[in-house]
Amino acid sequence: MFKFDNTKYSYYRGIRWLILIRELSYLPSMFYALARARFIFPRIDVIHANEIIEIVPAIVAKLLFRAKLVLHIRSLQRFDVKSKRARMLAFLINKYCDKVIAIDQNVQHTLKGLNNVAVINNSFSWTEDDAKADKEIVAKFESIDKDLMIFGFVGNLHKSKGIDELIEACRILKQRNVSFFLAVVGGETTKTKGILRSVFHHFGILQNLGDDIRSKIQQYALGDVVRLMGPTNDIVSVYKRIDVICFASQLDAPGRPVFEAAFGGVPSILAAKRTFPDTAIPGETCLVVDGADPVSIADAMENFINNPEEVKRMGRNSRELALKNFDPDTNAKKVAAIYRSL
């Protein structure tokens, strides 16, 4: 499917405009797939596009099926009123989208010029089933010293997630002789190798940092306090075994790990220039840091280590907020109500 990216983090600029060439090459397959869907499914009442970058195929689908269109926006947008592409997107969305859903107030705040926007938070089903537990990931956590405060990172080893700065923060903590442990859960998004990997690295297009992170752990002698756990489908077992979740990303917003971990009573370290009370309350559910500054991240980690009672207090507050805003039954009913209204 053709995608057009105007998100705050990865909008087209400089050499990133080359990505649009790849997207244009998808247009023939996009039209073919939608035409085939129109033949297979004669009647569709509502088209639900799951992210704003899919606005072009969403509009084509709306016109093909003569259906209502719901646009779900999940990332902060670069809706600069001086930007021609932002004005173009706003025009297309207001003209063709019957309803816009923003996943939180952070996202809503960036949707300048859009009409008909509703905020429906993301959801997470906290289910515990020991029979389906990832025994390998559980065993890795069981081997960690129980006297240490365990920080968790959950996500891809990608530059945007702030993993590089988090490793630098761990180096700083070790230099301060602070006792802690960081469990990194996740893998790389791509496995590009060879000459292509070198070219992508040179131009800053490839942002997977797995090799770099492994190298830094070895270089900084962090092997005893930082462990790459690998990916897992049993994320609940992870959240049950960490004390604080670290999401000091460059995306300038609370990601899924923040509210997922909150269901387990886990507070967060969050990088965001601006927070909104539906997802994060500084000093009550999280500590806010400058994601580009490893010292700021290290200070927040040390603050939690020195004040374990704050971990428990903020954890309780986080759970209350998660139950209030991220319940799947409640939020599914809100989406269903939008479908019925259309």
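As a reminder, the structure under discussion sits directly above these lines.
Below is a short write-up of the structure. (Residues numbered from 1 in each chain as written. Predicted model: local features only at pLDDT ≥ 70, side-chain atom pairs only at ≥ 80, totals over all residues. Heavy atoms only, no water.)

Observations regarding the packing of helix 7 (residues 163-175) against helix 12 (residues 294-306)
As a reminder, the rule being used: Throughout, an axis means a line fitted to C-alpha atoms (over the contacting stretch in the case of helices), and angles, computed between N-to-C directions, take values from 0 to 180 degrees. Numbered from the N terminus, helices here are DSSP runs of H or I no shorter than four residues, and strands are runs of E no shorter than two. The cut-offs work like this: below 35 degrees is roughly parallel, past 145 is roughly antiparallel, 65 to 115 is roughly perpendicular, and the gaps in between are oblique. Crossing chirality is assigned from the near helix's rotation relative to the far helix, an anticlockwise turn below a right angle marking it left-handed and a clockwise turn marking it right-handed. Residue contacts follow a heavy-atom distance rule, with two residues in contact if any of their heavy atoms lie within 4.5 Å. Charged means Asp, Glu, Lys or Arg here, nonpolar means Ala, Val, Leu, Ile, Met, Phe, Trp, Tyr, Cys or Pro, and polar covers whatever is left, Gly included.
Where helix 7 contacts helix 12, the axes come no closer than 8 Å and their chain directions differ by 60°. Here helix 7 is positioned oblique relative to helix 12, judged by the angle of their axes. The handedness of the crossing between helix 7 and helix 12 is right-handed. Contact residues: helix 7 offers Glu 165, Leu 166, Glu 168, Ala 169, Cys 170, Ile 172 and Leu 173, while helix 12 offers Pro 294, Val 295, Ile 297, Ala 298, Met 301 and Glu 302. Considered class by class, the residues forming the contact of helix 7 with helix 12 number 10 nonpolar, no polar and 3 charged.

Looking at the packing of aromatic side chains
What counts is decided by this rule: Note on aromatic pairs: the rings of Phe, Tyr and Trp (six-membered ring only in Trp) are paired at centre separations within 6.5 Å, and the planes decide the class, stacked below 30 degrees, edge-to-face beyond 60, tilted for the rest. When a residue's accessible area, from a 1.4 Å probe over protein chains only, is under 20% of the maximum for its type it is buried; when over 50% it is exposed; and in between it is partly exposed.
In total, this model carries 7 aromatic pairs according to the counting rule given. Both rings, one in Phe 124 and one in Tyr 239, keep their centres 6.4 Å apart while their planes meet at 80°; by these two values the pair is edge-to-face. With Phe 124 in the loop between strand 4 (117-119) and helix 6 (135-142) and Tyr 239 in helix 10 (residues 235-239), the pair connects residues that are 115 residues apart, well separated along the chain. Considered together, Phe 124 and Tyr 239 belong to a single accessibility category, that of buried residues. Plain terms: the ring middles of Phe 124 and Phe 263 are 5.9 Å apart, the flat faces sit at 55° to each other, and that makes the pair tilted. Residue Phe 124 is located in the loop between strand 4 and helix 6, and its partner Phe 263 is located in the loop between helix 11 (256-262) and strand 9 (268-271); the two are separated by 139 residues in the primary sequence.

As for the sheet that holds strand 9
Note the cut-off: In this scheme, strands are said to pair when DSSP sees at least two bridges between them.
Taking strand neighbours across the sheet as the criterion, the 6 strands line up as 7-6-5-8-9-10 in an open arrangement whose pairing is parallel. Each edge of the open sheet is held by one strand with a lone partner, namely strand 7 (226-230) and strand 10 (286-289). Ignoring which end each strand starts from, the neighbouring axes of this sheet average 25° apart. Helix 12 contacts strand 5 (150-154), strand 8 (244-247), strand 9 and strand 10 of the sheet and is inclined by roughly 160° relative to strand 10.

A few points about the pairing of strand 3 (residues 99-102)
Residues Lys 99 and Ile 101 point to one face of strand 3 and Val 100 and Ala 102 to the other, with burial holding for every one of them. In the sheet, strand 2 (residues 68-73) pairs with strand 3 via 4 bridges, with the strands oriented parallel. Note that in strand 3 the partner of Leu 71 across the bridge is Val 100. Two elements, strand 3 and strand 4, share 3 bridges in a ladder whose sense is parallel.

Quick look at the environment of Arg 74
Along the chain, Arg 74 falls in the loop between strand 2 and helix 4 (84-96). Under the relative-accessibility criterion, Arg 74 is labelled partly exposed at 28%. For the pair Arg 74 and Val 117, spaced 43 residues apart in sequence, the C-alpha separation works out to 13 Å.

Describing the packing of helix 3 (residues 55-65) against helix 4
How two helices sit against one another is set out by the angle between their axes and by the gap between those axes. At their nearest, the axes of helix 3 and helix 4 sit 11 Å apart, and the two run at 30° to each other. If you check the angle between helix 3 and helix 4, you find them roughly parallel. Taken as a pair, helix 3 and helix 4 cross one another with a handedness that is left-handed. On helix 4, the residues touching Ile 55, Ile 59, Lys 62 and Leu 63 of helix 3 are Leu 89, Leu 92, Ile 93 and Tyr 96. Its residues placed into classes, the contact of helix 3 with helix 4 shows 7 nonpolar, no polar and 1 charged.

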